[in-house]
Amino acid sequence: MIDYNSLINSKSDNIEKNNLLIIDGDFILYIVTNKNKVLDQFGKPELDPNGNYIYYDKNLEEVKGAIDSYLNTLFTGLNASEYIGFIGGNIRNYFRKKYYPNYKENRKKIERPQFISEAKQYLIDQYHFIPVDIIETDDAVNITRLHYPNSIPVVVDKDLKSLEGKWYDAYHNVFVNTTLEEQDKFIWSQMITGDTSDGVSGIPKRGIKYFEKIVQENEMRAENSLPVLIYEEYISHYGLERGIEEFYANWKALHILKSIEELPQDCTFTIPEPIKIT
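In this report, the structure presented in the accompanying data block is examined. (Residues numbered from 1 in each chain as written. Predicted model: local features only at pLDDT ≥ 70, side-chain atom pairs only at ≥ 80, totals over all residues. Heavy atoms only, no water.)

### Quick look at the overall build of the protein
Of regular secondary structure, the protein possesses 10 helices and 9 strands. C-alpha extents for the protein along the principal axes are approximately 65 × 50 × 40 Å. In the protein, which comprises 278 residues, the share counted as buried stands at 44%. By sequence separation, contacts in the protein at least 24 residues apart represent 69% of the contacts at least 6 residues apart. Averaging the positions of the 31 positive and the 43 negative side-chain charges in the protein gives two centres separated by 3 Å. (Helix = DSSP H or I, 4+ residues; strand = E, 2+ residues; numbered from the N terminus. Buried < 20%, exposed > 50% of the residue type's maximum accessible area, 1.4 Å probe, protein only. Contact = heavy atoms within 4.5 Å. Lys, Arg positive; Asp, Glu negative; His and termini not counted. Charge placed at Lys NZ, Arg CZ, Asp CG, Glu CD.)

Below is the structure:
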């Protein structure tokens, strides 16, 4: 569970003033709808006979209060003067499904917390978070933070944190600086291993150790040939025609968009103006 109260304690004079935050709001929904621990008369968590914490569901007003508390703490802790927030839309018509039909199909059976729809609407109505359809919040955050190069992206998602740049990891409440080399290794490793959380297969029965062997082979070459080596692995595993198709499909599923020019034709996303924090 994310301890968002520790944000205030992590505030540092090293953080510049008047920051613009680019917020991936999807993770906030799960923070604020988490169940509360049952406390005894002394304020200590109660345990069941097996020694486990006892939880109860929040009511809607508690969920809204948790949103207010989290965002106010975030704004204060990161010295923010303005922000842009994105959240997943209600129509999950991901453009990636055009290239990878099973994209995120594995998530349909995941149980959603109580009041998550109401929490989303509260972020939209009260904080002007922008619902994103066709593309995903990852794409919206990345395109926007590159448009505002001095902004602070606030994320939890591993895919975003793998991209080159400076990120605020809202799970661990720390800044993360990702190099171009780290970015390239992450995306190309996913092209081999796949991404089980999104239902992307990569090359079956090929894991991270197999990818590390490819990296070692690449390091022995005079110039960087990692994309070529990965492409050759697809051809070797699937054959020429299907190998090309699978390589392209996996790339389209895993690649996070960087600019407006990359948007699908039916996507109307535009880069929004920041909202002032009053």
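### Describing helix α10 (residues 240-254)
Across its 15 residues, α10 extends 21 Å between first and last C-alpha, which sits within 8% of the 21 Å expected from 1.5 Å per residue. Buried-residue contacts for α10 involve α7 (180-193) and α9 (226-238). (Expected span 1.5 Å × (residues − 1).)

### Re the pattern of salt bridges
The final tally for this structure, using the stated rule, is 13 salt bridges. Of the charged contacts, one joins Lys 97 and Glu 105 as a salt bridge, the two residues approaching to 2.5 Å between their closest N and O atoms. Here Asp 195 and Lys 158 are joined by a salt bridge, their closest N and O atoms 3.2 Å apart. One end of the pair, Asp 195, is in the loop between α7 and α8 (208-219); the other, Lys 158, is in helix α6 (residues 158-161), with 37 residues separating them in the sequence. Overall, Asp 195 belongs to the buried group, its relative accessible area being 4%. One salt-bridge network, in which partners are shared between bridges, spans Arg 96, Lys 104, Glu 136 and Asp 139. (Salt bridge = Lys/Arg side-chain N within 4 Å of Asp/Glu carboxyl O.)

### A few points about the side chain of Ser 151
Residue placement: Ser 151 occurs in the loop between α5 (137-147) and β6 (152-155). Polar contacts involving the side chain of Ser 151 include one to the main-chain carbonyl oxygen of Tyr 148, which spans 2.6 Å. (Polar contact = N/O pair within 3.5 Å; in protein donor to acceptor, adjacent residues only side chain to side chain.)

### Examining a nonpolar patch on the surface
A cluster of nonpolar residues, Leu 47, Tyr 53 and Tyr 55, forms a patch on the protein surface that exposes about 310 Å² of accessible area. Its relative accessible area of 38% is what places Tyr 55 among the partly exposed residues. (Patch = residues over 30% accessible without salt bridge, like charges linked within 9 Å, V, L, I, M, F, W, Y side chains within 5 Å. Areas by Shrake-Rupley, 256 points an atom, 1.4 Å probe, with all protein chains shown as cover.)

### Description of the side chain of Thr 178
Structurally, the position occupied by Thr 178 is in strand β8 (residues 174-178). Setting aside chain neighbours within four positions, we find Thr 178 in contact with Lys 161, Ser 162, Leu 163, Glu 164, Gly 165, Trp 167 and Gln 183.

### Side note on the nonpolar core
Generally speaking, soluble globular proteins have nonpolar side chains that are buried together. Core analysis: the biggest nonpolar cluster contains 30 residues, and Leu 21, Ile 23, Ile 28, Leu 71, Leu 123 and Val 154 have the highest contact counts within it. At the level of secondary structure, the elements contributing two or more residues to this core comprise β1 (19-24), α2 (26-32), α3 (60-77), β4 (80-88), α4 (116-127) and β6. If one sorts the elements of this core by residue count, α3 sits on top with 7 residues. In this structure, Ile 28 is in contact with Ile 23, Tyr 70, Leu 71, Leu 123 and Phe 129, ignoring residues within four places of it in sequence. (Core = buried A, V, L, I, M, F, W, Y, C linked by side-chain atoms within 4.5 Å.)

### Some remarks on the pairing of β1
Burial analysis of β1 places 6 of its 6 residues in the buried class, which makes it a mostly covered element. Side chains Asn 19, Leu 21 and Ile 23 project from β1 onto one buried face, and the interleaved Leu 20, Ile 22 and Asp 24 project onto a second face that is buried too. By the bridge criterion, 6 bridges tie β1 to β4 in an arrangement that is parallel. In the strand pairing of β4, Ile 22 is matched with Ile 84. Inspection of the sheet shows β1 paired to β6 by 3 bridges, in the parallel sense. When the bridges of β6 are listed, Ile 23 appears paired with Val 154. (Pairing = 2+ DSSP bridges.)

### Points about the packing of α7 against α8
As a packed pair, α7 and α8 sit with axes 9 Å apart at the nearest point and diverge in direction by 130°. In this view, α7 runs oblique relative to α8, as classed from their interaxial angle. For the crossing formed where α7 meets α8, the hand is right-handed. Here Lys 185, Trp 188, Ser 189, Ile 192 and Thr 193 of α7 come into contact with α8, specifically with Ile 208, Tyr 210, Phe 211, Ile 214, Val 215 and Glu 219. (Axes fitted to C-alpha atoms, helices over the stretch in contact; angles between N-to-C directions. Parallel < 35°, antiparallel > 145°, perpendicular 65-115°, else oblique. Left-handed = near helix turned anticlockwise from the far one by under 90°.)

Scope: geometric values only; no functional claims are made or implied.
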